[in-house]
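# Tertiary structure, described
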Amino acid sequence: MKKVAVVYFSQTGNTEAMAKALAEAAGAEAVDYSDFSADQVKDFDALAFGCPAMGSEELDPDFQELWEACESQLGGKPVVLFGSYDWGTGDWMETWKSEAEDNGVNVLESVIANLEPDDEALEQLAEAGKRLAE
């Protein structure tokens, strides 16, 4: 089983709930982004990063700073991106995933939830966690 990191930012608890569901399936712990650094990427075989849509469908600026520092350290490691949103259509995730792939990140999949993760999102997170840990 691979060593997996699940790193997230959550403001209302929805993305945190997603992180915990993914981490449980991957046999990992969910870690708040403020407790993670790019130096730790090397210690993991696979990673997941979660951030809700903020502002006009963008990543939280503090989380984005961490993401950009980690992005260059990921190499070919498998990555899952996830997060929740309140309004809009989830464009922030498509933008995030596209930019990550353009920068060479091996994105296995992305999972979004409108507000609290529903059963479908939880199932997708469980599958994503299992894939990361394989």
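Residues numbered from 1 in each chain as written. Predicted model: local features only at pLDDT ≥ 70, side-chain atom pairs only at ≥ 80, totals over all residues. Heavy atoms only, no water.

## Notes on the packing of helix H2 (residues 61–71) against helix H3 (residues 91–102)
Taken N-terminus to C-terminus, the directions of H2 and H3 make an angle of 25°; their axes are 11 Å apart at the nearest point. The orientation of H2 relative to H3 falls into the category roughly parallel. In this structure, H2 crosses over H3, and the sense of that crossing is right-handed. Mapping the contact onto sequence places Phe63, Trp67 and Glu71 in H2 and Trp96, Glu99 and Ala100 in H3. Residue classes in the contact of H2 with H3 are distributed as four nonpolar, no polar and two charged. (Axes fitted to C-alpha atoms, helices over the stretch in contact; angles between N-to-C directions. Helix = DSSP H or I, 4+ residues; strand = E, 2+ residues; numbered from the N terminus. Parallel < 35°, antiparallel > 145°, perpendicular 65-115°, else oblique. Left-handed = near helix turned anticlockwise from the far one by under 90°. Contact = heavy atoms within 4.5 Å. Nonpolar A, V, L, I, M, F, W, Y, C, P; charged D, E, K, R; others polar.)

## Describing the packing of aromatic side chains
Using the criterion set out here, one finds seven aromatic pairs in the structure. Centre to centre, the rings of Tyr33 and Phe63 are 6.2 Å apart; their planes meet at 65°, and the pair counts as edge-to-face. Here Tyr33 is found in the loop between strand S2 (30–32) and strand S3 (46–50), whereas its partner Phe63 is found in helix H2, with 30 residues between them in sequence. Taken as a pair, Tyr33 and Phe63 share a single burial class, namely buried. For the pair Phe63 and Trp96, a centre-to-centre distance of 5.8 Å together with 85° between the ring planes defines the contact as edge-to-face. (Phe/Tyr/Trp six-rings, centres within 6.5 Å; stacked < 30°, edge-to-face > 60°. Buried < 20%, exposed > 50% of the residue type's maximum accessible area, 1.4 Å probe, protein only.)

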